[in-house]
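Commentary on secondary and tertiary structure
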Amino acid sequence: MPGNLFLRTSVVFLVIGVALGMFMGIKQDFVQAPTHAHLNLIGGVWMFLAGLFYNAHPHLSRKAVLIHYGLAVIAILTFVPGLYGVNASLPWGEKAVMVGATLAAIQFVYFAVMVFIGTARKA
């Protein structure tokens, strides 16, 4: 079930986000707080909610759900390191954020379409 893929991936991102938060707290250096927050929100919460939605709507095309999953993972794996790079003043950070944010926006719109398809009334 593709929804479970979202659920499992989301908890991996949440664990990484929590570990980053703990690391920041131990060091008392909160420069990466935006990275931590976006990883938890987009990687953890958003993907978890998408997984719950897809599990509640198993009639949706498996291929379409997997396309969303691929977009979401690539967006997170580009956007979050980009944020890290921006906050660490690394030269590649801004470009990664631009690409990752664009991919994230695309997958959000894709998911919105999937919600409308999944919740449409059947004739």
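Sequence order as written defines residue numbering, which begins from 1 separately in each chain. Local features in this predicted model are restricted to residues of pLDDT 70 or higher, and side-chain atom pairs are both shown and tallied only at a pLDDT of 80 or more, whereas totals for entire chains, interfaces and linings draw on every residue. Computation of side-chain values covers all heavy atoms of the structure but excludes hydrogens and water.

1. Description of the packing of helix H3 (residues 62-87) against helix H4 (residues 93-118)
Only C-alpha atoms enter the line fits that serve as axes; for helices the fit covers just the stretch in contact. Angles between N-to-C directions range over 0 to 180 degrees. The way it works is that DSSP assigns letters per residue, a run of H or I at least four long becomes a helix, a run of E at least two long becomes a strand, and they are numbered from the N terminus. Viewed as axis vectors pointing N to C, H3 and H4 meet at an angle of 150°, and their least axial separation amounts to 7 Å. With respect to each other, H3 and H4 are oriented roughly antiparallel. Pair H3 / H4 crosses with left-handed handedness. Looking at the contact of H3 with H4 residue by residue, the class counts come to 20 nonpolar, 7 polar and 1 charged. Here is the rule for angles: anything less than 35 degrees is roughly parallel, anything more than 145 is roughly antiparallel, 65 through 115 is roughly perpendicular, and the remaining ranges are oblique. Crossing handedness is read from the near helix: turned anticlockwise from the far helix by less than a right angle, it gives a left-handed crossing, and turned clockwise, a right-handed one. Three categories are distinguished: nonpolar for Ala, Val, Leu, Ile, Met, Phe, Trp, Tyr, Cys and Pro, charged for Asp, Glu, Lys and Arg, and polar for the others, with Gly belonging to the last.

2. Some details on the packing of aromatic side chains
What counts as a ring pair is set by centres within 6.5 Å for rings of Phe, Tyr and Trp (its six-membered ring), and what kind of pair is set by the plane angle: stacked under 30 degrees, edge-to-face over 60, tilted for all other angles. If you walk through the whole model with that rule in mind, you get 7 aromatic pairs. Between phenylalanine 6 and tyrosine 69, the ring centres sit 5.3 Å apart and the planes meet at 80°, which makes this aromatic pair edge-to-face. Placement of phenylalanine 6 in helix H1 (residues 2-27) and of tyrosine 69 in helix H3 is noted, with a sequence separation of 63 residues between them. Exposure class is identical for phenylalanine 6 and tyrosine 69. Each is buried. Consider the rings of phenylalanine 53 and tyrosine 54, whose centres lie 5.6 Å apart with planes at 65°: the pair is edge-to-face. Note on accessibility: phenylalanine 53 and tyrosine 54 belong to one class, buried. Taken together, the aromatic side chains of Phe6, Trp46, Phe53, Tyr54, Tyr69, Phe108 and Phe111 make up a single cluster linked through ring pairs. Note on exposure labels: buried denotes an accessible area under 20% of the residue type's maximum, exposed denotes more than 50%, and partly exposed covers the range between, all computed with a 1.4 Å probe on protein chains only.

3. Some remarks on the nonpolar core
Formed by 21 residues in total, the largest nonpolar core has its most connected members in Phe6, Met47, Tyr54, Leu60, Val65, Ile76 and Met114. Breaking this core down by element, the ones donating at least two residues are H1, helix H2 (33-56), H3 and H4. Ranked by residue count, the leading element in this core is H3, at 9 residues. What is meant by a nonpolar core is a set of buried Ala, Val, Leu, Ile, Met, Phe, Trp, Tyr and Cys residues, joined one to another through side-chain atoms within 4.5 Å.

4. Remarks on H4
Since there are 3.6 residues in each turn of an α-helix, residues three or four apart along the chain are aligned in direction. Under the convention used throughout, the expected extent of a helix is 1.5 Å for every residue step, that is, one less than its residue count. The first and last C-alpha atoms of H4 sit 36 Å apart over 26 residues, in line with the 38 Å expected at 1.5 Å per residue. All of the buried residues along H4 are Gly93, Ala96, Val97, Gly100, Ala104, Gln107, Phe111, Met114 and Gly118. In this description, contact between two residues means that some pair of their heavy atoms is separated by no more than 4.5 Å. Where H4 is buried, its residues contact H2 and H3.

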